[in-house]
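# Examining the three-dimensional arrangement
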Amino acid sequence: MAAIAEDVLVEARPGGQSRWAALALVAPALLVLAHFAKALDLYGNDLAFTVEIVALSTLLIALIAIAIAGYLTLGEHPRAVALLRWLYRWPLFIPFVVAGQIMRTFLAKNGMLNHVLIGTGLIEPISAQSMLDWRGIVIAFVWKQAPFVTLLLAGAMASLERQHIEAARNLGAPRLRVLVDIVLPQVRGTLLVGLVLSFVTMLSVLSVPLMINPNSPTMITVDVAYRINTFADYAVANALCLLSLLLAAFGAAFYLRHAVRRVEAP
Amino acid sequence: MKVRSLLSIAALGLASIAPAAAQTTLNVVSAGDQNMVDYVNNYLGPKFEQMNPGVKVRAVGTGPGDSGSQKIYEKLEAQQKAGSATWDIDVAVVHQRGAATMVNDKLLMPYRNDIAAGKLVSRDTAKNALGANVDGYVLPMFHSQIAFAYNPDLVKAPPKSFAELAEWVKKNPKQFGYNGVKGGMSGVGFVMGWVEANSGLRDKLEKGPYDPGAKATIDKSLASLKDFNQYVVMTPGNAGTLDMLNRGEIAMGPVWVDMFYTWMADGKMNPKVKLELPAPGLPGQPMYYVIPAKAANAAMAKKFIDFAESPEVQADGIVKQFNWYPGIDPQYVQSKMTPTAWNKLFTDISPSDLASKGRPFPLSDYFTDIVEGYERVVLK
């Protein structure tokens, strides 16, 4: 836009209409920036909050997925392995909005979590707190997405050659060492794919923050919905969506760099 | 958005062609919580269908708050721009802001003088919607009111004004809860009440004229609200506040009077909880019956609204069943109810209290300034 405007300006006759034409070309770009300015002014905090929450959730998902998939691959009690394999997949089939509702009753001050903690004597009734804030969002995200990444990871680990693992175990390596040094490097790619997919998915979720976190700051998706519903302010809503897209693109860039590196590796 | 509206118009159009020619379908679209849709589906609709054989009343909800009215506005605007000969909404129930915008954009048909019930309303809200002149285009369906609900077991001496409330929350942190501006209108109403109490601009905010320079004073009063928020709990919505009150997680919070009494009747609310109106007041709002300018069944729509605004229906449906204050003038409704039933509405809040502390919402432009100011000042 600016380049076109420049060209027109350079060729403009002194005091001619081309200058106005150039201005007309550039003006829409200026308007667009004003909306971004407003979006960042009002919702800059929420953007930072969104990044922090999703990044934290992704990290926790990675740790949990590695732990579960690792145990499924290296575990030595067949019953425990079978039970875990059956158990971990259940949250996969639950939509985010249902997960949000579950967490609303589970994490409330009078919710099931606190009842269990109080009942087992782990906390005093007076110190029961409601987890319905950023912690609730993270818990809902991790609970819902970890099985997905675990599924991918367990599949990748199962397709590795057992010889490497067995060789290391024969040499006396503890299982954690085997996991970190032998297994993980080989399934890095799959882990990255799963995490990027989770990252992008969690960025787009409206139901969970809307239902669980009435506080401020909140996630960008809630602000987009609020802008549209209360003010019909599509301009700022679009600006927020573009910023969200930028964040998602950041995650996608990670994946692309890795994929390209693998293709180019000798 | 427009494509979606056009697609939904097409879908509704196809759907309304389907039934037999002898039957007219009256499409009623209502903004507001689910209880509004239930009211038409479970009460108004069946009664009207009985009185008018061959008519089927179909109610659809567009969601609570101004966003629900916004959706109706967008649909009508899309049909107007597309130049459709008839529009597929016959009766709409909208908030004041939505009605003001629709009258401004010439989306509505004047009907008040064409029906008998039009003479039963003399209140200012029938002519003035937050500063916009809507005379003739609307009839109030009901008048609702926001009030503080409190648990007398936990709150021995409830604060009687906003100033007392600010002191009370410091001594009783996390015992007061409200739903902010994004969670529903009871929270928005609380913020309006706070600004009216703390800015000294009450008359200007309610009656105008609109002065953009007032933003600075509004922002200043919101700064004290930011401080206040540290001692309170944010709840997820209108129902969220009621829910937490019921479970004892908070001791006090702003609620809609009608939702409060309905929950109590359903057994979802602790029967000990009481209501009060703090000084200088909390807002309430009517919702309006409107008829789109090119409604397909305009004559039937007028009959429907006349029926809904008749004193019997107002007494039985609006007041007795749903615990709203009536849309038409109270004296016409009172004669249709037993004294006990009538007084139930005024147990905790007396009629004089309501008259002095039941405020209208501020003018549309001030409303926007306050809500945006909240985002700018309190949420950042």
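Residue indices follow the written sequence of each chain, beginning from 1 at its first position. All chains are assigned letters beginning with A, and all ligands numbers beginning with 1, in the order in which they are written. Note on the predicted model: pLDDT of at least 70 is required for a residue's local features to be given, and 80 or more for side-chain atom pairs to be given and counted; whole-chain, interface and lining totals, by contrast, use all residues.

Broken down by element type, chain A carries 11 helices and 0 strands. Think of it this way: any DSSP run of H or I at least four residues long counts as a helix, any run of E at least two long counts as a strand, and we number them from the N terminus. Beginning at the N terminus, the succession of helices and strands in chain A can be written as α-α-α-α-α-α-α-α-α-α-α. Any residue with 12 or fewer other C-beta atoms within 10 Å of its own C-beta is exposed, any with 20 or more is buried, and the rest are partly exposed; the C-beta atoms used are placed from the backbone. By the burial criterion, 31% of the 266 residues in chain A qualify as buried. C-beta atoms are placed from the backbone for every residue, and two residues are taken to be in contact when these atoms lie within 7 Å. Considering only contacts within chain A whose residues lie at least 6 apart along the sequence, 72% involve residues at least 24 apart.

All right, on to the overall build of chain B then. A count of helical and extended segments in chain B gives 16 helices and 15 strands. Taken over the C-alpha trace, chain B has a radius of gyration of 21 Å; the compact-globule value for 380 residues is 21 Å, and the two agree within 12%. Counting across all 380 residues of chain B, residues that qualify as buried make up 50%. In chain B, the share of contacts with a sequence separation of at least 24, taken over all contacts with a separation of at least 6, comes to 78%. As a reference, a globule follows 2.2 Å times the number of residues to the power 0.38, and the radius of gyration itself is taken over C-alpha atoms.

Let us look at the domain arrangement of chain B. All names here are of chain B. Segment limits for the domains were obtained from an automatic or database-derived domain assignment. Here chain B is described as being made up of domain 1 (2-144 + 285-344) and domain 2 (146-283 + 348-378). The straight-line distance from the C-alpha centre of domain 1 to that of domain 2 is 28 Å. On the domain 2 side, the residues contacting the 15 residues of domain 1 number 14 residues. With 3 residues, the top contributor of residues to the side of domain 1 that touches domain 2 is helix α4 (residues 96-104). Residue polarity follows a fixed list, in which Ala, Val, Leu, Ile, Met, Phe, Trp, Tyr, Cys and Pro are nonpolar, Asp, Glu, Lys and Arg are charged, and the others, Gly among them, are polar. When its residues are assigned to classes, the side of domain 1 that touches domain 2 shows 6 nonpolar, 7 polar and 2 charged.

It is worth spelling out the environment of Tyr261(B) at this point. Residue placement: Tyr261(B) occurs in helix α10 (residues 257-265). Once the C-alpha coordinates of Tyr261(B) and Gly45(B) are considered, the two residues, 216 residues apart in sequence, prove to be 23 Å apart.

For the rest of this paragraph, the subject is the interface of chain A and chain B. Each partner contributes residues to the interface: chain A has 13 residues there, and chain B has 17 residues. Within the residue set of the side of chain A that touches chain B, elements represented by two or more residues are α2 (17-74) and α10 (220-231) of chain A. Broken down by element, the side of chain A that touches chain B gets its largest block of residues, 4 residues, from α10(A). Residue composition of the side of chain A that touches chain B, by class: 6 nonpolar, 6 polar and 1 charged.

Attention now moves to helix α16 (residues 364-378) of chain B. The α-helix advances 3.6 residues per turn, and as a result positions three or four apart in sequence lie on the same side. With 15 residues, α16(B) should cover 21 Å at 1.5 Å per step; its first-to-last C-alpha distance of 20 Å lies within 8% of that length. Buried within α16(B) are the following residues: Tyr366(B), Phe367(B), Asp369(B), Ile370(B), Gly373(B), Tyr374(B), Glu375(B) and Val378(B). To estimate how far a helix should extend, the number of its residues minus one is multiplied by 1.5 Å.

Another aspect to go through is the packing of helix α6 (residues 185-199) of chain B against α16(B). Residues and elements named next belong to chain B. Closest axis-to-axis distance for the α6/α16 pair is 10 Å, and the angle between their directions is 95°. In terms of orientation, α6 and α16 fall into the roughly perpendicular class. The segment α6 lies against α16, with Val188, Val191, Met192 and Val195 engaging Ile370, Val371 and Tyr374. Across the contact of α6 with α16, the residue classes tally to 7 nonpolar, no polar and no charged. To get an axis, a line is fitted to the C-alpha atoms, and for a helix only the part in contact is used. The angle between two axes follows their N-to-C directions and goes from 0 to 180 degrees. Angles below 35 degrees are treated as roughly parallel, those above 145 as roughly antiparallel, those between 65 and 115 as roughly perpendicular, and all remaining angles as oblique.

The subject of this paragraph is the packing of helix α6 (residues 134-158) of chain A against helix α8 (residues 175-203) of chain A. All names here are of chain A. One way to put it is that α6 packs onto α8 with a least axis distance of 9 Å and a crossing angle of 150°. The orientation of α6 relative to α8 falls into the category roughly antiparallel. Seen along the crossing, α6 lies across α8 with a hand that is right-handed. Across the interface between the two elements, Phe141, Gln145, Phe148, Val149, Leu152, Leu153, Ala156 and Met157 of α6 pack against Val183, Val187, Thr190, Leu191, Val193, Gly194, Leu195, Ser198, Thr201 and Met202 of α8. Taken together, the residues of the contact of α6 with α8 break down into 13 nonpolar, 5 polar and no charged. Each crossing gets its hand from how the near helix is turned against the far one by less than a right angle, where anticlockwise is left-handed and clockwise is right-handed.

Residues and elements named next belong to chain B. Counting residues in each nonpolar core, the largest one holds 113 residues, and the members touching the most others are Ala99, Val138, Val191, Phe260, Tyr288, Tyr289 and Val290. Among the elements that take part in this core, α6 stands out by supplying 8 residues, more than any other. Residues lining this core come from more than one domain, with at least three contributed by each of domain 1 (2-144 + 285-344) and domain 2 (146-283 + 348-378). With near-sequence residues (within four places) excluded, Val138 lies in contact with Ala99, Ala126, Ala129, Tyr288, Tyr289 and Val290. For this entry, the nonpolar core is defined as buried Ala, Val, Leu, Ile, Met, Phe, Trp, Tyr and Cys residues connected by C-beta atoms within 7 Å.

Let us now look at the sheet that holds strand β6 (residues 139-143) of chain B. Residues and elements named next belong to chain B. The strand order across the open sheet built from 6 strands is β2-β1-β3-β13-β6-β14, with neighbouring strands paired in mixed fashion. Strands with a single pairing partner mark the edges of an open sheet, and in this sheet they are β2 (55-61) and β14 (325-326). DSSP bridges decide pairing: two strands pair if at least two such bridges lie between them. Pairing between β6 and strand β13 (residues 286-290): 4 bridges, direction antiparallel. The residue bridging His143 from the neighbouring strand is Pro286, located in β13. The strands touched by helix α2 (residues 34-51) are β1 (24-30), β2 and β3 (91-94); relative to β2, the strand with the most contacts, the crossing angle is about 175°.

Before going further, it helps to examine unusual backbone geometry. In this chain, Ser216(A) is followed by Pro217(A) through a cis amide linkage whose omega measures 0°. Note on placement: Pro217(A) falls in the loop between α9 (207-212) and α10. A cis amide bond links Ala279(B) to the next residue, Pro280(B), at an omega of 0°. Of note, Pro280(B) is situated in the loop between β11 (274-276) and β12 (282-283). Although it is not a glycine, Lys106(B) sits at a positive phi angle of roughly 60°. Among the structural elements, Lys106(B) can be located in the loop between α4 and β4 (128-129).

We now examine the pairing of β13(B). Residues and elements named next belong to chain B. Of all the 5 residues making up β13, 5 are buried; the element is thus mostly covered by neighbouring parts of the structure. Here β13 shows no split at all, with Pro286, Tyr288 and Val290 on one side and Met287 and Tyr289 on the other all buried. Sheet topology note: the β3/β13 ladder contains 3 bridges and is antiparallel. Note on β13: the bridge partner recorded for Val93 is Tyr289.

We now examine the environment of Pro209(A). Residues and elements named next belong to chain A. Summarising the element assignment, Pro209 is placed in helix α9. In this structure Pro209 comes out as buried when scored by C-beta crowding, with 28 C-beta atoms within 10 Å. Along the chain, Pro209 and Ile220 lie 11 residues apart, while their C-alpha atoms are 9.3 Å from each other.

Another point: the confidence of the model for chain B. A score from 0 to 100, pLDDT tells how confident the predictor is in each residue. For chain B, the mean per-residue pLDDT works out to 89, and 95% of the residues sit at or above 70. Both confidence scores are given for the complex: pTM 0.76, ipTM 0.71.

With that settled, the discussion passes to the sheet that holds strand β10 (residues 252-256) of chain B. Residues and elements named next belong to chain B. Pairing is antiparallel in the open sheet, where 3 strands are placed in the order β10-β7-β11. The open sheet is flanked by β10 and β11, the only strands paired with a single partner. Sheet twist, expressed as the average angle between the axes of neighbouring strands with direction ignored, equals 40°. Note: strand β7 (residues 146-150) against β10, 5 bridges, orientation antiparallel. Each bridged residue has a counterpart across the sheet, and for Tyr150 the counterpart in β10 is Met252. Helix-sheet contacts for α6 involve β7 and β10, and the interaxial angle to β10 is about 115°. Lying over the sheet, α10 contacts β7, β10 and β11, oriented at roughly 100° with respect to β10.

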